[in-house]
Amino acid sequence: MNHNQRIFLAGIIGVIVFTAPLLLFSHVSKLLLTSYVASLVATAAVTAALYLGANRKQGMFVTTAGMILVVWIYAFSNLFYSGVILLLHYTNAWQMPVKWFILGHIILAALCAWKLLAADAGKEEIEKSELKLKENISQWKNLQMQCADLALKSPAPVRKTLENVKDAIRYADPVTAPQLAEIESAIAENITRLSQALQAGDNEKTEKLSGEILLQIKQRSEIAKSLK
């Protein structure tokens, strides 16, 4: 049995659980009928949320789980509200008019819908930021891989220098920011020039470019610290 089958089976069980108590009453009041319909709405909402969460094509698990939690809170609020009002009704402690009972359920559903819309908007922004962060980290990791490859292929006279460049990039903070774009671009350009110098066997230029890159990495770290 796969996830979808389990989810729909749980939904069917929920419908049965909420339908069974109706058999205990010889007369189903409008209040009880309204509560029953509301419980089916809650069951359907949870089933749909779990199904969409399990079959999401994209997005982060954390943000998806947050939206499912909103639906679960609505479902429990729905059942708690109905339970309290029905208890008061059948113990003759207080009789709530059906129209106000229905209005209460509408308000609960509207609050859930509002929270879902707000969560969805926040979800998009969080995932955009996360995607941008991953792209930026990936770009810095690419520079790290390039330098590791250059150090591996470098001749003995400049190998130590290239190892220093590789380690400097390796231990630098990979998280970037718009303010670092210019210096990161300059670092990437110098690494390209460094590769060309190595291929040409120009050790003097390799040493010079390595020194520039080390200085740029230090400057980048200082700027990054000032932004935190």
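Residues numbered from 1 in each chain as written. Predicted model: local features only at pLDDT ≥ 70, side-chain atom pairs only at ≥ 80, totals over all residues. Heavy atoms only, no water.

Draft legend 1. A look at the overall build of the chain. Scanning the chain from terminus to terminus reveals 7 helices and 0 strands. Reading the helices (α) and strands (β) of the chain from amino to carboxyl end gives α-α-α-α-α-α-α. Here the chain holds 228 residues, and 32% of them are scored as buried. Relative to all contacts within the chain whose residues are 6 or more apart in sequence, the contacts with residues 24 or more apart total 73%. As displayed, the chain offers around 14500 Å² of accessible surface, 65% of which is attributable to carbon and sulfur atoms. (Helix = DSSP H or I, 4+ residues; strand = E, 2+ residues; numbered from the N terminus. Buried < 20%, exposed > 50% of the residue type's maximum accessible area, 1.4 Å probe, protein only. Contact = heavy atoms within 4.5 Å. Areas by Shrake-Rupley, 256 points an atom, 1.4 Å probe, with all protein chains shown as cover.)

Draft legend 2. Focus on the packing of aromatic side chains. Tallying each qualifying case throughout the model produces 3 aromatic pairs. Ring centres of F8 and Y51 lie 5.4 Å apart, and the angle between their planes is 45 degrees; on these two criteria the pair is classed as tilted. Taken as a pair, F8 in helix α1 (residues 3-19) and Y51 in helix α2 (residues 30-54) lie far apart in primary sequence, 43 residues in all. Accessibility expressed as a relative area gives 45% for F8, which makes it partly exposed. Ring plane angle 25 degrees and centroid distance 5.7 Å describe the contact between W72 and F76, whose orientation is recorded as stacked. You can see W72 and its partner F76 sitting in helix α3 (residues 61-90), 4 residues apart, about one turn around the helix. Note on W72: relative accessible area 35%, which makes it partly exposed. Over the ring of W140 we find R220, and its NZ or CZ is 3.9 Å from the ring centre. (Phe/Tyr/Trp six-rings, centres within 6.5 Å; stacked < 30°, edge-to-face > 60°. Lys NZ or Arg CZ within 6 Å of the ring centre and 35° of its normal.)

Draft legend 3. Expanded view of the environment of L52. With respect to the helices and strands, the residue L52 is situated in helix α2. Taking C-alpha positions, L52 is 9.1 Å from I68, a pair spaced 16 residues apart along the chain.

Draft legend 4. Helix α7 (residues 203-227), seen in detail. Its 25 residues give α7 an end-to-end C-alpha distance of 36 Å, which sits within 8% of 36 Å, the value for a rise of 1.5 Å per residue. Along α7, the residues that are buried comprise T206, L209, S210, I213, Q216, I217, R220 and A224. (Expected span 1.5 Å × (residues − 1).)

Draft legend 5. Structural detail: a nonpolar patch on the surface. A contiguous nonpolar patch, built from L24, F25, V28, L33, V37, V41 and Y90 and spanning about 620 Å² of accessible area, is present on the exposed surface. If one sorts the elements of the nonpolar patch by residue count, α2 sits on top with 3 residues. Counting through the fold element by element, L33 comes out in helix α2. Here L33 falls in the partly exposed class, since its relative accessible area comes to 45%. (Patch = residues over 30% accessible without salt bridge, like charges linked within 9 Å, V, L, I, M, F, W, Y side chains within 5 Å. Salt bridge = Lys/Arg side-chain N within 4 Å of Asp/Glu carboxyl O.)

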